[in-house]
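Here's the letter readout for the chains.
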Amino acid sequence: MSDLPKLEISRRGVLAGTAVTAVLTGNPALGAHPTPTQGEAAPPMPVRFTVNGQDQRLSLDPRTTLLDALREHLHLTGTKKGCDHGQCGACTVLANGRRINACLSLAVMHEGDEITTIEGLGTPEKLHPIQAAFVKYDGYQCGYCTPGQICSAVAVLDEIARGVPSHVQADLMAAPRPTNLELRERMSGNICRCGAYSNIAEALAEVVGPAAAGAKA
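Please read these numbers as outputs of a predicted model, since none were measured by experiment. (Residues numbered from 1 in each chain as written. Predicted model: local features only at pLDDT ≥ 70, side-chain atom pairs only at ≥ 80, totals over all residues. Heavy atoms only, no water.)

Enquirer: Is there a simple way to explain the sheet that holds strand β5 (residues 114-116) in this structure?
Expert: Whether parallel or antiparallel, the strands of a sheet pair through hydrogen bonds between backbone atoms. Reading across the sheet, the five strands line up as β2-β1-β5-β3-β4 and stay open at both edges, with mixed pairing between neighbours. Only two strands of the sheet have a single neighbouring strand rather than two, namely β2 (54-60) and β4 (98-101). Each strand axis lies, on average, 40 degrees off the axis of its neighbour in the sheet, ignoring direction. Where strand β3 (residues 92-95) meets β4, four bridges bridge the pair, whose relative direction is antiparallel. Across the sheet, residue Val93 finds its bridge partner in β4, namely Ile100. Of the strands in this sheet, β1 (45-51), β2, β3, β4 and β5 touch helix α3 (residues 66-73), which is tilted by about 105 degrees from β2. Sitting on the sheet, helix α5 (residues 146-162) is in contact with β3 and β4, with an inclination near 45 degrees to β3. (Pairing = 2+ DSSP bridges. Helix = DSSP H or I, 4+ residues; strand = E, 2+ residues; numbered from the N terminus. Axes fitted to C-alpha atoms, helices over the stretch in contact; angles between N-to-C directions. Contact = heavy atoms within 4.5 Å.)

Set out below in structure tokens:
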């Protein structure tokens, strides 16, 4: 009989070892350059994009979200951090004209992109039409989530103008119309904790005009 010590191998251990081997084999770079562990700083990466019409060049930890890049590095604090899980819409910004949740997107993914935040939509002297309508119809109370709602609303009207379909269209082949139901469905990703939804719908109806039939709730 051999005097070698017994090796206790569990099913879980075999599965875990197989998974690690498969990952390292499929991506040798992971084995050669291990990713930083929790709390360990990652090598900074350069990123260049246009924010509100201004060229911006940053050197960031590659794990930095677009939201944190805007708030902490560019000090554009109009974009709010709400749930930080992409569920409330408070961090909505426009990337190349399309709305995204900035908390779910890494800054380095936006190399060369054009980013528009609430600060880039209008000024106190010359409000964007959506901003002016929100003021007119009191489409906010605390105002915390309002920047994301306004950015989302701007993108919603552009989506409808471009013919992007939604889940509430009876005929997906027909051009979408900015009806009350259509606007509410497209804005459903933006939570208003103060419950000003009817006022927001009225603000959007003000901008799109008669096409938003029955927009007042």
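Enquirer: Which parts of the structure should I look at to understand helix α4 (residues 129-136)?
Expert: Every α-helix carries 3.6 residues per turn, so stepping three or four residues along brings you back to the same face. Within α4 the residues assigned to the buried category are Ile130, Gln131, Ala133 and Phe134. One face of α4 carries all of its buried residues, which in axial projection span an arc of 165 degrees. Away from the buried face of α4 by more than 90 degrees, exposed residues Pro129 and Lys136 are located. Contacts from the buried residues of α4 go to α5 and α7 (197-208). Looking at the residues trailing α4, positive phi occurs at Asp138, about 55 degrees. (Buried < 20%, exposed > 50% of the residue type's maximum accessible area, 1.4 Å probe, protein only. Arc of directions from axis to C-beta.)

Enquirer: How do you make sense of the pattern of salt bridges when you look at a structure like this?
Expert: For side chains bearing opposite charge, pairing can occur when the charged atoms are close. Using the criterion set out here, one finds nine salt bridges in the structure. We note a salt bridge from Asp68 to Lys81, for which the minimum N-O separation is 2.8 Å. In this pair, Asp68 sits in helix α3 while Lys81 sits in the loop between α3 and β3, placing the two residues 13 residues apart along the sequence. What makes Lys81 partly exposed here is its relative accessible area of 29%. Asp158 serves as the salt-bridge partner of Arg162, at 2.8 Å between the closest nitrogen and oxygen. With Arg162 and Asp158 both in helix α5 and four residues apart, this pair spans about one turn of that helix. Residue classification places Arg162 among the partly exposed residues on the basis of a relative accessible area of 42%. The class for Asp158 is partly exposed, based on a relative accessible area of 32%. Counted as one network, the salt bridges with shared partners bring together Arg99, Glu159, Glu182 and Arg186. (Salt bridge = Lys/Arg side-chain N within 4 Å of Asp/Glu carboxyl O.)

It is worth stressing that arrangement in space is one thing and function is another; only the former is reported here.
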